[in-house]
Protein chains: 2
Amino acid sequence: MNGKAGSSERNVLFESRLFEVVSILWTNKSTTPLHDHGGSQCFVLVLEGKFENVLDFGNKREVSTFESGQTFSIPVGTKHETQCLTLTGKTLHVYTPKLAQETVKLKFNSENSEELKNKLHLSQATPFEELKDLLDVMKKESISSGSPYFMNQLFSGSFPQMLMAEEFIAATKTTLATFEASPVLSAVENEVIEELSCLIGWEKRSGIAVPGGSAANFMAVHCARQNLFPKTKREGLDGRNLCVFVSAEAHYSFKKACAVLGLGMDNVISVPVDHKGRMKPEALDGLIQKVRDQSKVPLMVSATFGTTVLGAFDQVDELSRICKKHKIWLHVDGAWGGPALFSKKLRHLACGIENADSMTFDAHKLLGANLTSSFFLTKHPQILLEANDVADGDYLFHSDDPALDRGKLSWQCGRKAEAMSFWTIWKSMGTEGIGEFIDGLIGLRDEITAWIKMHPRLELIHMPDYLNVCVRVLSLDGAKDPEWSKIVRERLKEKNLVFVNYSSDTNGTFLRLILANPFLNFSHLEQILRWALEET
Amino acid sequence: MNGKAGSSERNVLFESRLFEVVSILWTNKSTTPLHDHGGSQCFVLVLEGKFENVLDFGNKREVSTFESGQTFSIPVGTKHETQCLTLTGKTLHVYTPKLAQETVKLKFNSENSEELKNKLHLSQATPFEELKDLLDVMKKESISSGSPYFMNQLFSGSFPQMLMAEEFIAATKTTLATFEASPVLSAVENEVIEELSCLIGWEKRSGIAVPGGSAANFMAVHCARQNLFPKTKREGLDGRNLCVFVSAEAHYSFKKACAVLGLGMDNVISVPVDHKGRMKPEALDGLIQKVRDQSKVPLMVSATFGTTVLGAFDQVDELSRICKKHKIWLHVDGAWGGPALFSKKLRHLACGIENADSMTFDAHKLLGANLTSSFFLTKHPQILLEANDVADGDYLFHSDDPALDRGKLSWQCGRKAEAMSFWTIWKSMGTEGIGEFIDGLIGLRDEITAWIKMHPRLELIHMPDYLNVCVRVLSLDGAKDPEWSKIVRERLKEKNLVFVNYSSDTNGTFLRLILANPFLNFSHLEQILRWALEET
């Protein structure tokens, strides 16, 4: 946390683990550098003089001036710079306890589970007043996704609005089961589902927030089954083989879903992919016919928007024609790639999405909401009620209007407001603002892929359609040690420099850079690759 | 928020929507009343004099003295009183933005969904700097569980430790899928599961945090099936009827589970209950035999600890003998009643629990953790891995030790740290402290049931074993209007006085008081009933 004052004089009035109160004496034109306060919220009271404050939200800047007696605040995680416009000036600053993610120093490495347990005394009781200190120590031992150098998962960091939403949820602590227990949050969830469905282009729509993208994929299989075999709900499965078709690059949650739902994971049919990692439509068509010939039932096709490794987008337009022909439910797993709907540069990847029957959408990955913030969306307005309402729970559901009591659409009873942090982000950035954020990352991607292609010791695995940049690091002698990228990955992690994931193809392992962190810039990406190249 | 100063002089130095800084001049022996600061954290710097501060944590009080230059803070939601020990004194107080639940004034009533959406402009973009104001308005329109007068659900309020845990989770924002992405939180989850299993009395154990009690019940059916028919995972269900036995008072989530898992909700067999709402063991035995005679397969019995209406505890000791005889998986749904394990006064209700195969435990209900904080626990150490690992997700799971990567035991991939808020509460209160908290509520229950029995216009529905107090309000003429309690309930809610749920028996509706809020005392309970009696 630097730059609390520029060249001006800074006096700490009092300071504790919780708060800091500082007065600053300014001379004319003295300016702070552009800076943030990490997880602290900063509150400024102008005591003398006139000041200009610039708030930098990443996608936009806002300039305001303040005079003696006026106050302004810098939201958590937001950058700002302040300039004194008068000959001299005086300000009083209060810094709150940290509320947000640290974006600077991070630990990427940890002891094993048993060591951690002992080191942190996880089992031992601790007086309330020492809890905060213990949690601070634990935080230092934790992996945090706040840093732009964290790209091990398909998420990194978050927008500061998320914290305001979390505060709201904790302050109200209620459940989304019924409208009477959560009128506002039920309306917020409904609003997010309506708006996402509009982006997809569905006239009729329904949906429910679920705890993670896997849960949304589970719900897709469940709804497809309800649609084709409504009797299953009461009577159970009759022993026929119901098959779910996904690309060879699809998420493993479909196997889990079919195991859980009683379909059996052997009935998940893996469809070959092309050089870009996209499901081959003609192969799908053939496999559906083959399954039919074996007297099995093709239940559902799931297209992937944004595969985990290459970020590939299955061509939903072509797949929808095949599904229509065979009368099969078409789902789109957009857990990672769904946000492409917001972007002018990427929208073409989703061509034909309006023909899908349902979609998985995660806001905690690319869109910086809190984990988890996931949605199952469908164009069949009644299917969730038909599939999930058991016309029971009289002790709880008293409403005459079942549409209001969203718990009837869910597998959960007590349910956290998954929609709230995403709604808060969407609300303040707007649809266009989110699009601009994504397009900014696409710009970064184009810069770094150009940089990689110029470098003799880096091999770009493919030209990415989305925000996964897969790159193989060649060892110093130019030989393609098949394990080299993995070794580099482990070393960078051990040194607490970068936490990046890896995968492999027939030529060996490679690094997978994920462009998602709201505070990511080109120099982070360049730095990661320079560090990777330094390993010999 | 009252009592910031006793008889002393209080000067507001500055005040904003975010902060308040106050100086207080004290005279000898002036004392504040015992008070809290709602959701604010209060930080005090002693400028002159000597002070005694008493922190009241509900279950214990701590006394400390502070001299000039020393600081102390009052944790969110904690009550305190401060006394000046010197002739005069001077203190500086900083109050933070509210972080916790309001416990005083609450709204229990709302417009309909469409009205709310329009009134709050849910669809319209809002600049970042106006978000906080909007969220404040939305909070005023929300139902909050913070008040002791909120008892509509099987939870009410929360312990302030929960907020420290939520801050931790938001600050790190990572996923519980793998140890390398969440070493500390994985260890915390493991610790909670170990400790809960110890309370149950299992030597071998395993478990996983899940998004809510329903999800834990789903997992129970799934594990029972994996245990009996391991081939289902790969091949799917073969069409046989697998039956799940629950009491007539059990939670509706078992019907949902059987619908989702492909067993069919008609295969949930409802077992009659006795006058206390407990499953009749001999009826269970007969129904299992009957199902066998129909060539169906008895898969699982689920006993309930704490039914939703009466708070009944099925007699797990007797049920376990029947399950052993028939070789059936015995699950215990302890979503509401599980915390009885912590209480010396209630532990007898769980007699025989160590014979169960698995258990559902919610910490967000009675134990004041954030919603949701739920656990599926089992004494079969391998069953979760066998049931849920699909040996896939190479892009994610790189560990050689599958026990570390807890995602392999789960249905979720990205997963929030459900265990963290409960661990933080447990850690600071200790097992004994939680027991004392529960025993305190039992004391309240005994007082209020005695009060009810004395009152001519109140009818106690049953002598509660647990923390549900069901009471019928008789209308003024003494007639038992079957709908009267429901009418009273609606009126109290409309007036924003009390949000209490109702249910019914053959004699009509009655109120269900839930004793769970950490700040609940006898006068709240008495007040609720007095208000109910005032309605005529």
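Please refer to the structure higher up on the page.
Residues numbered from 1 in each chain as written. Chains lettered and ligands numbered in written order. Predicted model: local features only at pLDDT ≥ 70, side-chain atom pairs only at ≥ 80, totals over all residues. Heavy atoms only, no water.

**Q** What exactly am I supposed to notice about the overall build of chain A here?
**A** For chain A, the helix and strand inventory stands at 13 helices and 20 strands. What you see for chain A is a C-alpha radius of gyration of 26 Å, in line with the 24 Å of a compact globule of 536 residues. Along the first, second and third principal axes, the C-alpha atoms of chain A reach 85 × 70 × 50 Å. Split into buried and exposed, the 536 residues of chain A put 65% on the buried side. The contacts in chain A between residues at least 6 apart in sequence include a share of 71% that link residues at least 24 apart. By element, 50% of the accessible surface of chain A is carried by carbon and sulfur atoms, the whole surface being about 18400 Å². (Helix = DSSP H or I, 4+ residues; strand = E, 2+ residues; numbered from the N terminus. Rg over C-alpha atoms; globule rule 2.2 N^0.38 Å. Buried < 20%, exposed > 50% of the residue type's maximum accessible area, 1.4 Å probe, protein only. Contact = heavy atoms within 4.5 Å. Areas by Shrake-Rupley, 256 points an atom, 1.4 Å probe, with all protein chains shown as cover.)

**Q** Explain the interface of chain B and chain A here, please?
**A** Put simply, an interface is often sized by how much accessible area is lost when its parts join up. Residue-level contacts link 140 residues of chain B with 140 residues of chain A. Both sides of the chain B and chain A interface together cover about 12000 Å² of buried area, and 64% of this is carbon and sulfur. Seen at the junction of chain B and chain A, the total is ten salt bridges. Applying the counting rule to chain B against chain A returns 47 residue pairs in polar contact (both at pLDDT 80 or more). No other element matches helix H3 (residues 161-172) of chain B, which puts ten residues into the side of chain B that touches chain A. (Buried area = accessible area lost by both parts, 1.4 Å probe. Salt bridge = Lys/Arg side-chain N within 4 Å of Asp/Glu carboxyl O. Polar contact = N/O pair within 3.5 Å; in protein donor to acceptor, adjacent residues only side chain to side chain.)

**Q** When you look at unusual backbone geometry in this model, what are you seeing that I'm missing?
**A** It is generally the case that most residues other than glycine have a negative phi and that most peptide bonds are trans. Following Leu371 of chain A, the chain continues into Thr372 of chain A via a peptide bond in cis, with omega recorded as -5°. Inspection of the secondary structure puts Thr372 of chain A in the loop between strand S15 (358-362) and strand S16 (374-378). Positive phi outside glycine occurs at Lys29 of chain B, with the angle close to 70°. Note that Lys29 of chain B resides in the loop between strand S2 (20-27) and strand S3 (42-48). If you check the backbone angles, Ser295 of chain B has positive phi at about 65° while not being a glycine. On the secondary structure map, Ser295 of chain B appears in the loop between helix H8 (281-293) and strand S13 (297-304). Assessed through its relative accessible area of 64%, Ser295 of chain B is described here as exposed.

**Q** Can you help me understand the packing of aromatic side chains in this one?
**A** How two aromatic rings sit relative to each other is set out by the distance from centre to centre and by the angle between their planes. Residues and elements named next belong to chain A. Following the criterion strictly, the structure yields 34 aromatic pairs over all chains and no others. Judged by centre distance (5.0 Å) and plane angle (70°), the rings of Trp26 and Phe51 are edge-to-face. Residue Trp26 is found in strand S2 (residues 20-27), and its partner Phe51 is found in strand S4 (residues 50-56); the two are separated by 25 residues along the sequence. The pair formed by Trp26 and Phe51 is uniform in burial state, with each residue classed as buried. Among the aromatic residues, ring-to-ring pairing joins Phe342, Phe361, Phe375, Phe422 and Trp426 into one connected group. (Phe/Tyr/Trp six-rings, centres within 6.5 Å; stacked < 30°, edge-to-face > 60°.)

**Q** Please explain the packing of helix H5 (residues 213-228) of chain A against helix H7 (residues 253-260) of chain A as it appears in this structure.
**A** How two helices sit against one another is set out by the angle between their axes and by the gap between those axes. All names here are of chain A. For the pair H5 and H7, the least separation of the axes is 9 Å and the interaxial angle reads 50°. Relative to H7, H5 is oriented oblique. The interaxial crossing formed by H5 with H7 has right-handed handedness. Listed contacts from H7 to Ser214, Asn217, Phe218 and Val221 of H5 are Ser253, Phe254, Lys256, Ala257 and Val260. Per-class residue counts for the contact of H5 with H7 are five nonpolar, three polar and one charged. (Axes fitted to C-alpha atoms, helices over the stretch in contact; angles between N-to-C directions. Parallel < 35°, antiparallel > 145°, perpendicular 65-115°, else oblique. Left-handed = near helix turned anticlockwise from the far one by under 90°. Nonpolar A, V, L, I, M, F, W, Y, C, P; charged D, E, K, R; others polar.)

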